[in-house]
Amino acid sequence: MKALLALSKSWFRPKTITSIFFHSKSFSYRSETCIISLIHASRTSRQLREIHAQILISNLFSSSRVTTQFISSCSLLKSINYAFAIFEQYQDKNLFVCNALIRGLCENDEFEGAIYFFGLMLRLNVRPDQLTFPFILKSAAALLLAKLGDCLHGAILKFGLEFDSFVRVSLVDMYVKVEKLGSVLKLFDETPQTIKRRSILLWNVSINGCCKMGDLDKAGELFEGMPEKNVGSWNTLINGFARNGDMNAARELFNQMKEKNVVSWTTMIKGFSQNGEHREALSFFSRMLEEGVSPNDLTIVSALSACAKIGALEAGIQIHNYISNSGFFITKSIGNALVDMYAKCGKIEAASEVFSNMKQKDLLTWSIMLWGRAIHGHHGQVLRGFEQMKSTGLRPDSVVFLAILTACSHTGQVHAGLRFFNSMRYEYAIEPTMKHYALVIDLLGRAGRLDEAMEFVQSMPVAPDFVIWGALFCACRAHKNIKMAELVSDKLLQLESKHPGSYVFLSNVYATVGRWDDVERVRILMQRSGVEKDPGCSYIEVDGQVHSFVAGDQDHKQAKDIYVKLEEIMSGARKEGYVPETDWVLHNIEEEEKEESLGRHSEKLALAFGLISTAPGATIRIVKNLRICGDCHFIMKCASKMSQREIVLRDLKRFHHFRNGTCSCGDFW
Ligand code: ZN
Ligand code: ZN
């Protein structure tokens, strides 16, 4: 509450009021109605200030209607401090004025403020009405204050507003947001039939609640029982299936819809993208445009995100062209999505261009850009960008430091990396997370400073977890320090039970220290507990079509030609001194681990396909969902030399630019 009071004081800036008396044009509007329509029509806060002066001259601020409209317009123009100052000055704090302020605060995401003024309103004995509660409930929900929500429910009963349909919908919606499904359903069941028949929104909100809590059967039951459905009802259930990972059911429902709107399409596109079906997301996006439906911001962002995930550069460029040609306003979220797409599709220059043209950049924008440069190994640019970002007045957050540390780690800048890491806590008061610690170990480990890495782990103020020991283990293995690897593996094994998903890693640990019985034991354990590894998968875009490959893939139309080409590459590589690195079969952490699959890893298949289906000299771009293994890395280098092509490969960790037999990562990844 103290914080709230301080907040309320900081909002009150008398300067805003006293500095209003400036160069007002000579208005002759005197009547209340006239002023109200003027306030209503104002589009900038400067216009509002001019009207403010007139109101003071005509002494119209005693009018409740004028004050209410003024506060509403201030909030609409995002001048919430101004609205607050007006409210403070107004003597008669009645229901209308209070409602206008609470609504304004809520719509400007100042939820704590809204709740604070609701309390003030009650203390002033102003009786809230059906227009007050929806905004207070929304504020409580936004802050996830379930207890306050319950109290508000009680207050609604006390003030006799429980049968107002708008209040009721808001109440149900609040329970949905604080995830109290029992209360949602109870309220729904207790709702009189007259309201149920009238309010489709009540049904939609309740269905959304069931979907959110994963009760799709109940959601379907409510949907079937609706006296009348609107597009929103369909969209809600489709979204429910999508967020619960059932895209088949979502698609079926979508196909049954007679009238689809942009939200229906966007829900499908976003759903496919979130469930890893990026190609399907993009094909839905094209279909949507073909059917003449105009996308909204979210559609564009979802489609761009799908492009980014699978490296569909051509599709991404087409979307960018579409945005430019159709006069779409590049909002911050679209700008961010474009920068992300170009960076992840390997076009870091294009990402920089979009970034420079963006008028508004927030911390997220900078993080995406810095991260993009970091995974491309552009260390200097990351550090310069970091300084630029600070000069705009933004304070770095922990995500920005992940990018910085990654950049330092990828380029072996140990000293700089440690300096940044220390500055986090001492200069910016940011507590490092496990991810930051893991990056520092990576940084020291890559440079072969294993003892320091070990000391660092032991001096961590929090207990090192599986990821931390894992990073140290990788470093030991890379530098073939078996003694320390054994020590670290002991630590890893102690943590085994807590991380069932790390079986593959563990079997590698055992293999490294030669405990083959344990390798077998973990393998059986893995089978029994049904742990499935994320299958390695590579994507390549040819003529705007994205092709995907898994290890040993035979499903592709041109499978025969692909394997012929692959054999050609391999025999060429053998002449260059290639020996299969069977080490990777066992040791590579996340990869396809079967021995016979080494020669057929998905990225090798994508490479072969790229070579036979693109023009000589064209750059080949591949995206792999896991880390590239050493064997494939070697083959890529050979292939870039033999074919005289640039190969750009993005793996889980970074970009590799292969040119004339070398890689931009300097074999360091
Ligand atoms: Zn491989
Ligand atoms: Zn590389």
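As shown above, the structure is provided for reference.
Note that the structure is a prediction, hence the values are computed from the model and not measured.

Quick notes on the coordination of the zinc ion (ligand 2)
Geometry sets the ideal angles at a metal, namely 109.5 degrees for four tetrahedral donors and 90 or 180 degrees for six octahedral donors. Taken together, the protein ligands of the zinc ion (ligand 2) are H633 (NE2), H656 (ND1), C663 (SG) and C665 (SG), with distances of 2.0 to 2.2 Å. For the zinc ion (ligand 2), the four donor atoms are set out with angles of 104 to 116° between them, so the coordination reads as tetrahedral. Summarised as a motif, the one-chain spacing of the donors to the zinc ion (ligand 2) is H-x22-H-x6-C-x1-C. The same class applies to H656 and to C663, which are both buried.

Examining the nonpolar core
With 173 residues, the main nonpolar core has I55, F70, F117, F133, L472 and V488 as its most contacted residues. Within the second largest apolar cluster, 30 residues are counted, among which are V542, I620, C632 and F658.

Some details on the packing of helix α22 (residues 332-344) against helix α24 (residues 363-375)
Running from amino to carboxyl end, α22 crosses α24 at an angle of 5°, the nearest separation of the two axes being 9 Å. Relative to α24, the element α22 is oriented roughly parallel. On α24, the residues that touch K332, N336, V339, D340 and A343 of α22 are L364, T365, I368, M369 and G372. A per-class count over the contact of α22 with α24 returns five nonpolar, three polar and two charged.

Side note on the sheet that holds strand β6 (residues 662-663)
If you walk across this open sheet you meet the six strands as β2-β1-β3-β4-β5-β6, and the pairing is mixed. Looking at the sheet topology across the chains shown, the edges are occupied by β2 (545-550) and β6. Taken together, the four bridges between strand β3 (residues 620-624) and strand β4 (residues 647-650) define a ladder with parallel strand orientation. Within β4, the position partnered with I620 by the bridge is I647.

Describing unusual backbone geometry
The phi torsion at E179 lies on the positive side, around 60°, for a residue other than glycine. Following the sequence through the fold, E179 ends up in the loop between α11 (165-177) and α12 (181-190). Here E179 falls in the partly exposed class, since its relative accessible area comes to 48%. With phi around 45°, N660 is a residue other than glycine that occupies positive phi space. For N660, the position within the fold is in the loop between β5 (655-659) and β6.

Topic: the packing of helix α8 (residues 111-123) against helix α9 (residues 133-142)
Contact pair α8 / α9: the axes reach a minimum separation of 9 Å and the direction vectors enclose 130°. The orientation of α8 relative to α9 falls into the category oblique. In this structure, the crossing between α8 and α9 has a hand that is left-handed. Side by side, α8 and α9 meet where F111, A114, I115 and F118 of the first sit next to F133, I136, S139, A140 and A142 of the second. For the contact of α8 with α9, the per-class residue count stands at eight nonpolar, one polar and no charged.

What to know about the pairing of β3
Taking burial as the measure, the five residues of β3 include four buried ones, the bulk of the element. Pairing geometry for strand β1 (residues 537-542) and β3, over three bridges, is antiparallel. Bridge pairing in β3 places S538 opposite K624. The parallel pair β3 and β4, bridged by helix α37 (residues 630-643), forms a crossover whose chirality is right-handed.

Points about empty space enclosed by the protein
Using the criterion set out here, one finds two cavities of 30 Å³ or more in the structure. Space inside the largest cavity adds up to approximately 50 Å³. In this structure, the largest cavity is lined by G311, K344, C345, G346, R621, I622, V623, V648, L649, R650 and F655. Of all the secondary structure elements, the ones that give two or more residues to the lining of the largest cavity are β3 and β4. Taken together, the residues that form the lining of the largest cavity break down as six nonpolar, two polar and three charged. In this structure, the second largest cavity occupies an estimated 30 Å³ of space. Forming the walls of the second largest cavity are F87, C98, L101, I102, F117, L120 and M121. Contributing elements (two or more residues each) for the lining of the second largest cavity: α7 (95-107) and α8. When the residues that make up the lining of the second largest cavity are grouped by side-chain class, the tally is seven nonpolar, no polar and no charged.

A short note on helix α31 (residues 482-494)
Helix length check: α31 (13 residues) gives 18 Å between terminal C-alpha atoms against 18 Å at 1.5 Å per residue, within 8%. Among all positions in α31, only M484, A485, V488, S489, L492 and L493 are buried.

Things to note about the pairing of β2
In terms of strand pairing, β1 meets β2 through six bridges, oriented antiparallel. Note that in β2 the partner of C537 across the bridge is V550. Where β1 folds back onto β2 in an antiparallel hairpin, the turn is made up of two residues, including D543, whose phi is positive at roughly 50°.

Brief notes about the environment of T132
Mapped onto the elements of the fold, T132 is located in the loop between α8 and α9. By relative accessible area, which is 1% here, T132 ends up buried. Along the backbone, T132 and V167 are 35 residues apart, and their C-alpha atoms lie at a distance of 8.9 Å. Residues contacting T132, with those up to four places away along its chain left out, are L95, N99, I102, F118 and M121. Looking at T132, its side chain comes within polar contact range of the side chain of N99, at 2.7 Å. Among the polar contacts made by the side chain of T132, one reaches the main-chain amide nitrogen of D129 at a distance of 2.9 Å.

Description of the pattern of salt bridges
With the rule as written, the count across this model stands at 21 salt bridges. A salt bridge links R446 to D442; the nearest nitrogen and oxygen atoms lie 2.9 Å apart. With R446 and D442 both in helix α28 (residues 434-446) and four residues apart, this pair spans about one turn of that helix. R446 sits in the buried class, given a relative accessible area of 12%. Ionic pairing is found between E603 and K624, a salt bridge with its closest N-O pair at 3.0 Å. Of this pair, E603 sits in helix α36 (residues 602-613) while K624 is found in strand β3, placing the two residues 21 residues apart along the sequence. Residue E603 is classed as buried on the basis of its relative accessible area of 0%. You can call K624 buried: its relative accessible area is 2%.

Reading the values: the criteria
Residues numbered from 1 in each chain as written. Chains lettered and ligands numbered in written order. Predicted model: local features only at pLDDT ≥ 70, side-chain atom pairs only at ≥ 80, totals over all residues. Heavy atoms only, no water. Donors = N, O, S within 2.8 Å, 3.2 Å for Na, K, Ca; no water. Tetrahedral: all angles 85-135°; square planar, octahedral: opposite > 155°, others 65-115°. Buried < 20%, exposed > 50% of the residue type's maximum accessible area, 1.4 Å probe, protein only. Core = buried A, V, L, I, M, F, W, Y, C linked by side-chain atoms within 4.5 Å. Axes fitted to C-alpha atoms, helices over the stretch in contact; angles between N-to-C directions. Helix = DSSP H or I, 4+ residues; strand = E, 2+ residues; numbered from the N terminus. Parallel < 35°, antiparallel > 145°, perpendicular 65-115°, else oblique. Contact = heavy atoms within 4.5 Å. Nonpolar A, V, L, I, M, F, W, Y, C, P; charged D, E, K, R; others polar. Pairing = 2+ DSSP bridges. Left-handed = near helix turned anticlockwise from the far one by under 90°. Right-handed = clockwise from strand over helix to strand, strands pointing away. 1 Å grid on protein atoms, 1.4 Å probe; cavity = no way out; pocket = protein on both sides within 12 Å on 5 of 7 lines; lining within 4 Å. Points joined across faces, edges and corners; volume = space filled by probe spheres on them. Expected span 1.5 Å × (residues − 1). Polar contact = N/O pair within 3.5 Å; in protein donor to acceptor, adjacent residues only side chain to side chain. Salt bridge = Lys/Arg side-chain N within 4 Å of Asp/Glu carboxyl O.

Read these as geometric descriptors, not functional statements.
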